[in-house]
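The lines below spell out each chain.
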Amino acid sequence: MTTLLEARYRTVLRLLPSYYREAREEEMVEVYLWDVDQETQDQSRPTLGEVASIAALAVRSRLAATGAPRRYALFGSAVRNFALYAVLLQAAVIVSDEVLRVTWSATRGPREWDLFLTGFTGSGPLPTVVAIAGWVLPLLWTVTFFALVHDRRRLARAAVLLAALPSLWPLIEPLVTEWPMSAPYFVTANALFAWLPALAVCAAYHRDAPPAALPPALPGWPSWPAVSSPAAPSRCCPPRSISPGPPPPASSSPPSAGCCCVPAARNRGPAARRRPWRCSAC
Amino acid sequence: MTQAAFFVLTALADEPRHGYGILREVEDLSDGAVQLRVGTLYGVLDRLTADELIVLDREEVQQGRLRRYYRLTDEGMRALDAEAERMAAGASAAKRRIAEGRKAGGTPPVTGPGLAGGLA
């Protein structure tokens, strides 16, 4: 006869995907009920810790645990790719934003620089701490990306949670200060864009998940090894041998939109920046 | 190898055990320091099975309930042995250092000039 406690455990086990329940449910129920008195079973409940451990197992088994069916493996792979590229995007946005802001403030005279510094120090201790944390912590998106690429999962999880933290401040600020929330839709979306990747990193890069893998090439871009090698620009244009005849005259006009020289040149040194539309193959 | 995986392998080193038996054995082996929850235990069992360190030994049905017994594979025994050697080497190195520290009077050796001597 099924007791109330057994029914409660089975309800908790419904968090697990069906393939996992089919394989393990009876065995797990046996473990749960092993040393519980038959007479006291109706007064007991699964503890919070037991529910939490099953919830964690449910996340792992849905995001490509070992031996998972194909659809769970695909889902896990999709979540991991989303997490990786969302982290990369956040890191790129934050780094470029902060570099641009510092460059602008440092090159527009002392007044702009003072204005920049006042943003950190001008309004008392709490806003100063918040401003410094809001400046420093988002840089951890970069740490998260490189930690994922180098398969340092614990570091990636810690870094991404810290990096996403400042996005909550605009939501909390009206509760602890007298300032009203400005642009609520924007700050909510901002927090969502930070915490979705953060949660995806924490859930999908679990211990049993395969390591993060960069794709061999991004659409319209050369492959990753090609980007890092000195010969990268010569690979991004069609080979010359395709069009027989004399080489085309040197032109000062930018290449067509189909050529990838422009983004590639932006990533190179000062010489490339002087002629950003030309690469060595053009 | 995680602490949980190490204790699960250790629990299975002498004989095949089922899930509840592994939980109790891990608790005994660690003097109560490691108390695995069922979700954690099955996560570890999944990983060890996938790594071919343990296999299903047999199944029994008792009072309408399923018990699965797991046992170590040869690979699992080798992995446990290697991990135990590694831990023993670390423990003996720690003991050696502690003994050396006690002999030296409990103060760590000074490896560079201190502030008093270096700046004088």
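Before any of the text, the structure's been laid out above.
Position numbers for residues start from 1 in each chain and track the written sequence from start to end. Chains and ligands are labelled sequentially in the order written, the chains with letters from A and the ligands with numbers from 1. With pLDDT at 70 or above as the cut-off, local features in this predicted model cover only qualifying residues; side-chain atom pairs require 80 or more to be listed or tallied, and sums for whole chains, interfaces and linings still use all residues. Hydrogens and water molecules were not included; the side-chain quantities draw on all heavy atoms of the structure.

**Student:** Lay out the packing of aromatic side chains in plain terms, naming residues and giving numbers.
**Tutor:** Classification of ring pairs rests on two measures: the distance between centres of Phe, Tyr or Trp rings, Trp counted by its six-membered ring, which must be within 6.5 Å, and the angle between planes, read as stacked under 30 degrees, edge-to-face over 60 and tilted in between. For the coordinates displayed, the defined rule picks out 8 aromatic pairs over all chains. Measuring from ring centre to ring centre gives 4.0 Å for A:Tyr9 and A:Tyr32, while their planes differ by 10°; the resulting arrangement is stacked. Linking A:Tyr9 in helix 1 (residues 4–13) with A:Tyr32 in helix 2 (residues 18–33), this pair joins segments that are 23 residues apart in sequence. Exposure remark for A:Tyr9: the relative accessible area of 5% places this residue in the buried category. Aromatic side chains A:Phe145 and A:Phe146 sit 5.4 Å apart centroid to centroid with 75° between the ring planes, which places their arrangement in the edge-to-face category. Buried residues are those whose accessible area, probed at 1.4 Å on protein chains only, stays under 20% of the maximum for their type, while exposed residues exceed 50% and partly exposed ones sit between those limits. A:Phe146 gets classed as partly exposed once you look at its relative accessible area, which sits at 47%. Ring pairing ties together the aromatic residues A:Tyr19, A:Tyr20 and A:Tyr72, which thus form one cluster. Sitting over a ring, as applied to charges here, requires NZ of Lys or CZ of Arg to be within 6 Å of the ring centre and within 35 degrees of the ring normal. Its end group placed over the ring of B:Tyr69, B:Arg58 keeps NZ or CZ at 3.9 Å from the ring centre. Helix numbers and strand numbers start at the N terminus; a helix is a DSSP run of H or I with at least 4 residues, a strand a run of E with at least 2.

**Student:** Which residues make up the nonpolar core, and what values go with them?
**Tutor:** Soluble globular proteins tend to bury their nonpolar side chains together. For the purposes of this section, nonpolar cores are sets of buried Ala, Val, Leu, Ile, Met, Phe, Trp, Tyr and Cys residues that join through side-chain atoms within 4.5 Å. Counting 41 residues, the largest nonpolar core has A:Met28, B:Val8, B:Ile22 and B:Tyr42 as its most contacted members. Counting only elements with at least two residues in this core, the list comes to helix 1, helix 2 and helix 3 (48–62) of chain A together with helix 1 (3–11), helix 2 (19–29), helix 3 (38–50) and strand 3 (65–72) of chain B. Should any heavy atoms of two residues lie within 4.5 Å, those residues are counted as being in contact. With residues near it in sequence (within four places) discarded, A:Met28 still touches A:Leu13, A:Leu16, A:Tyr20, A:Ile54, A:Leu57, B:Val38 and B:Tyr42. A:Ala83, A:Phe145, A:Ala147 and A:Ala191 belong to the second largest nonpolar core, which has 24 residues in total.

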